[in-house]
Amino acid sequence: MAEATTALPGGGRAHPTGPGAVLELIRSGRATTRAELMAATGLSRSTMAARLEALDAAGYLEDAGTGGATGGRRAGSFRLRRDSGVLLVADIGGSHLRTAVTDMAGSILASDRRGLDVADGPQRVLTQVQSDFDRLLTTVDVDTDAQPVRGVGIGVPGPVEAGTGRVVSPPIMTGWDGYEVPAFFRDRYDCLVLADKDTNLMALGEHRVNWPDEEHLLYIKVGTGIGSGLVLGGRLHHGARGAAGDIGHIPAPGVDEADADAPACRCGNTGCLEALAGGWALVRDLAAAGHEVTATDDVVALVRDGSHDAVRLLRQRGRLLGRALADTVSLLNPSLLVIGGELAHAQDHLIAGIREVTYRRSLPLATRDLRVVTSDLRTRAGVTGAAHMVADALFAPATVDEALAQGR
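Trainee: Honestly, the pattern of salt bridges in this entry has me stumped. Any pointers?
Mentor: Once their charged atoms are close, side chains differing in charge can pair, the charge on each being opposite to the other. In this structure the tally under the stated criterion is 20 salt bridges. Among the salt bridges present, the one from Glu180 reaches Arg186, with a minimum N-O distance of 2.9 Å. By relative accessible area, Arg186 is classed as partly exposed at 41%. A salt bridge links Asp285 to Arg317; the nearest nitrogen and oxygen atoms lie 2.9 Å apart. You can see Asp285 sitting in helix H8 (residues 279-288) and its partner Arg317 sitting in helix H10 (residues 308-332), a full 32 residues away along the chain. Salt bridges sharing partners connect three or more residues here, namely Glu161, Arg166, Glu180, Arg186 and Arg241.

Now the structure itself:
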């Protein structure tokens, strides 16, 4: 029976036990010694030696020291070469921008965060991203001739068409509709440039760094807005066109969108989940109650100061989120819910409300092993995920095999 192969971008094929597949085993940590790699692939010692030699000569691998003993001898261990270049990544939020330089394994070498209004439009926002990239590169001890920029990854707070990086009808990104984010950087860097929705990248970052063994993970960002990212079967899930996970704009449970009192959402509809439980909605409701709040950070400050109104409202909105997530948990049956965003870390009030209702209203089988946790990466989740997005594309087995075949 013929072995399955993977199509290459240029029309060729990647062998399931070719150099690219060997590198993927090493990069994922599933097999890092010669013995482990031979056992995982079924390749002979001589064939494996040839694979490793080709990867080493092309600059993909480095010696990671020694692994466990095998037959009385200590087996050499391999890992991805981290210093063959750098990645430039950015997480653009509704009101903030975080940029970073990472090594090829996605570890952050330098980063920065600033306030920024995404509604200023793509030219102004991306020009700031470019400026921050240039400045960060001067702060890291990197010779860009020896370690060039190998890839750029950008996250944005709106729907992104899968495969193109084109923003499509974003609720809060004034002036971005139809804009192809990678095009801005292609003339500036001779490398791969990718863009995706910010919550997809946050889900990917949390999965790779903190929960690599979880096959089914749902990440929910509760900040100024509400969004989510899905990891299903160990892979980031985009859906048919890239719209999967837009939980913030489903109808809020118990709200009739035809009701004249249903709150208006920034997307133009009424009664959306975000219009009741998003940070901007909490600002609206607390301001109406007489509190001096203008941003989500002000809500967090009130909660930490013990404001009865803020704590009560956040717990209430956590229960509302729990009702929406209960349907999602019953539908997708993830084993882990990761709650991130500014409001997730306003003590435990939001997550307590989410846990209370999600466990009670989801199917018993769906919640049998379900865990609900807060994000460990916090504000670094987006840039970390962006780095892994780019690295996944650069080191895809088919891409590696094609590069080696062409002598690159």
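Trainee: Mind showing me how you'd approach the sheet that holds strand E11 (residues 192-197) here?
Mentor: Each strand in a sheet pairs with its neighbour through backbone hydrogen bonds, running either in the same direction (parallel) or in the opposite one (antiparallel). Reading across the sheet, the five strands line up as E7-E6-E5-E8-E11 and stay open at both edges, with mixed pairing between neighbours. The open sheet is flanked by strand E7 (108-115) and E11, the only strands paired with a single partner. For this sheet the average axis-to-axis angle between neighbouring strands, irrespective of direction, equals 15°. Sheet contacts for helix H6 (residues 198-210): strand E5 (86-92), strand E8 (149-156) and E11; angle to E11, the most-contacted strand, approximately 100°. Lying on the sheet, helix H13 (residues 381-394) is in contact with E5, strand E6 (96-102), E7, E8 and E11; it crosses E5 at an angle near 135°.

Trainee: Where do I start with the pairing of E7 in this structure?
Mentor: Regular strands place side chains that alternate from one sheet face to the opposite one. Here E6 pairs with E7 via seven bridges, running antiparallel. Residue pairing across strands places Arg98 opposite Arg113, the latter belonging to E7. What sits between the antiparallel neighbours E6 and E7 is a turn of five residues, in which Gly106 has the positive phi angle 90°.

Trainee: When you look at the environment of Asp256 in this model, what are you seeing that I'm missing?
Mentor: Residue position: Asp256 is located in the loop between strand E14 (235-237) and helix H7 (274-277). In this structure Asp256 comes out as partly exposed when scored by relative accessible area, which is 49%.

Trainee: How should helix H1 (residues 19-28) be read in this particular structure?
Mentor: Along an α-helix, a turn takes 3.6 residues, which lines up residues three or four apart on a common side. Judged by how many residues are buried, H1 sits mostly within the fold: seven of 10 residues are covered. Within the span of H1, buried status applies to Pro19, Gly20, Ala21, Val22, Leu23, Leu25 and Ile26. A positive backbone phi angle near 85° is found at Gly29, which sits one or two residues after H1.

Trainee: Explain the side chain of Lys221 to me, please; I cannot follow it from the model alone.
Mentor: Looking at the secondary structure, you find Lys221 in strand E12 (residues 217-222). Given a relative accessible area of 13%, Lys221 falls into the buried group. A polar contact is formed between the side chain of Lys221 and the side chain of Asp198, at a distance of 3.1 Å. If sequence neighbours within four positions are ignored, Lys221 has contacts with Asp198, Thr199, Met202, Ile226, Gly227, Gly340 and Gly341.

Trainee: Would you explain the sheet that holds E12 in this entry?
Mentor: As summarised here, the arrangement of the five strands in space is E14-E13-E12-E15-E16, forming an open sheet in which the pairing is mixed. Single-partner strands in this sheet number two, and they are E14 and strand E16 (371-374). For this sheet, the mean inter-axis angle between neighbouring strands, taken without regard to orientation, is 25°.

Trainee: Any chance you could explain the nonpolar core here in plain terms?
Mentor: Side chains that are nonpolar tend, in soluble globular proteins, to be buried together. Counting 42 residues, the largest nonpolar core has Val222, Leu273, Leu321, Leu337, Ile339, Leu343 and Leu350 as its most contacted members. Within the residue set of this core, elements represented by two or more residues are E12, strand E13 (226-232), H7, H8, helix H9 (296-304), H10, strand E15 (336-340) and helix H11 (349-361). The element best represented in this core is H10, accounting for eight residues. Aside from chain neighbours lying at most four places away, what touches Leu273 is Ile226, Ile247, Gly248, Ile250, Pro251, Ala252, Pro253, Gly278, Leu320, Leu321 and Ala324.

About the criteria used
- Residues numbered from 1 in each chain as written.
- Predicted model: local features only at pLDDT ≥ 70, side-chain atom pairs only at ≥ 80, totals over all residues.
- Heavy atoms only, no water.
- Salt bridge = Lys/Arg side-chain N within 4 Å of Asp/Glu carboxyl O.
- Buried < 20%, exposed > 50% of the residue type's maximum accessible area, 1.4 Å probe, protein only.
- Helix = DSSP H or I, 4+ residues; strand = E, 2+ residues; numbered from the N terminus.
- Pairing = 2+ DSSP bridges.
- Axes fitted to C-alpha atoms, helices over the stretch in contact; angles between N-to-C directions.
- Contact = heavy atoms within 4.5 Å.
- Polar contact = N/O pair within 3.5 Å; in protein donor to acceptor, adjacent residues only side chain to side chain.
- Core = buried A, V, L, I, M, F, W, Y, C linked by side-chain atoms within 4.5 Å.

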